[in-house]
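So you can see what is in the structure, the chains are spelled out below.
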Amino acid sequence: MLIYILIACDRLDEKQEKKLKQNLPALQAALQGYADEYAANKVVLINECESGDCEDWQLGISQPVKKPLHLNPPVNLFNSLAEQYDIDCEVGYIEDDAREAVSYFGKHEGRGEAFLIAEYLGL
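Basis of the calculations
Residues numbered from 1 in each chain as written. Predicted model: local features only at pLDDT ≥ 70, side-chain atom pairs only at ≥ 80, totals over all residues. Heavy atoms only, no water. Pairing = 2+ DSSP bridges. Helix = DSSP H or I, 4+ residues; strand = E, 2+ residues; numbered from the N terminus. Axes fitted to C-alpha atoms, helices over the stretch in contact; angles between N-to-C directions. Patch = residues over 30% accessible without salt bridge, like charges linked within 9 Å, V, L, I, M, F, W, Y side chains within 5 Å. Areas by Shrake-Rupley, 256 points an atom, 1.4 Å probe, with all protein chains shown as cover. Salt bridge = Lys/Arg side-chain N within 4 Å of Asp/Glu carboxyl O. Lys, Arg positive; Asp, Glu negative; His and termini not counted. Charge placed at Lys NZ, Arg CZ, Asp CG, Glu CD. Buried < 20%, exposed > 50% of the residue type's maximum accessible area, 1.4 Å probe, protein only. Contact = heavy atoms within 4.5 Å. Polar contact = N/O pair within 3.5 Å; in protein donor to acceptor, adjacent residues only side chain to side chain. Disulfide = S-S within 2.5 Å.

A. Geometry of the sheet that holds strand E5 (residues 98-106). Spatially, the five strands line up as an open sheet ordered E2-E3-E1-E4-E5, and their pairing is antiparallel. With one partner strand each, in any of the chains shown, strand E2 (44-48) and E5 form the two edges of the open sheet. Direction aside, the axes of adjacent strands within the sheet are offset by 25° on average. Here five bridges tie strand E1 (residues 2-7) to strand E3 (residues 58-64), and the two strands are oriented antiparallel to one another. Residue pairing for E3: Ile5 is matched across the bridge by Ile61.

B. A look at a negative patch on the surface. A contiguous patch of negative charge on the surface is contributed by Glu95, Asp96, Asp97 and Glu100. The exposure class assigned to Glu100 is partly exposed, which follows from its relative accessible area of 42%.

C. Structural view of the environment of Ser51. Among the structural elements, Ser51 can be located in the loop between E2 and E3. With residues up to four places along the chain from it excluded, the contact list for Ser51 reads Asp56 and Trp57. A polar contact is formed between the side chain of Ser51 and the backbone nitrogen of Asp53, at a distance of 3.0 Å. Polar side-chain contacts of Ser51 include one of 3.1 Å to the side chain of Asp56.

D. Representation of the pairing of strand E4 (residues 88-95) in the model. The buried fraction of E4 amounts to six of the eight residues, a majority that puts the element mostly inside the structure. Sheet analysis places E1 next to E4, joined by six bridges and oriented antiparallel. The partner of Tyr4 across the bridge, within E4, is Gly92. Pairing of E4 with E5, which is carried by eight bridges, proceeds in the antiparallel orientation. Within the sheet, the bridge partner assigned to Cys89 lies in E5 and is Phe105. Here E4 folds back onto E5, and the loop between the two strands holds two residues, one of which, Asp96, carries a positive phi near 55°.

E. Structural context of the state of the cysteines. If you walk through the whole model with that rule in mind, you get zero disulfides. With no disulfide of its own, Cys54 lies closest to Cys9 among cysteine sulfurs, the gap being 6.4 Å. Cysteine Cys89 shares no disulfide, and the gap to the nearest cysteine sulfur, in Cys9, comes to 9.5 Å.

And the structure:
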């Protein structure tokens, strides 16, 4: 199954948008580092942040997973980013190039749990 985890860039208030824009380089660097570290696992960086409007941004990763255990590294990464940068995240699966969200987690939504996310994904 191909999953994705994105930083929630939509429905932010003005203060959250400003903070996200300020932290964008650090977030991109952290995600690029993760993608490089797990390149053998076919992790792909999703980095579509060209628009001046955060609402249009797509920032995160996609990767294939076969077992719930495979969700631990990306969920742990996004939990730490959520805590550090005051963000929320969206997780779901990709089928026929379309993304389908199954859960949200992060600073405001609550810590992500790999086991529960695996259940939502049907792993």
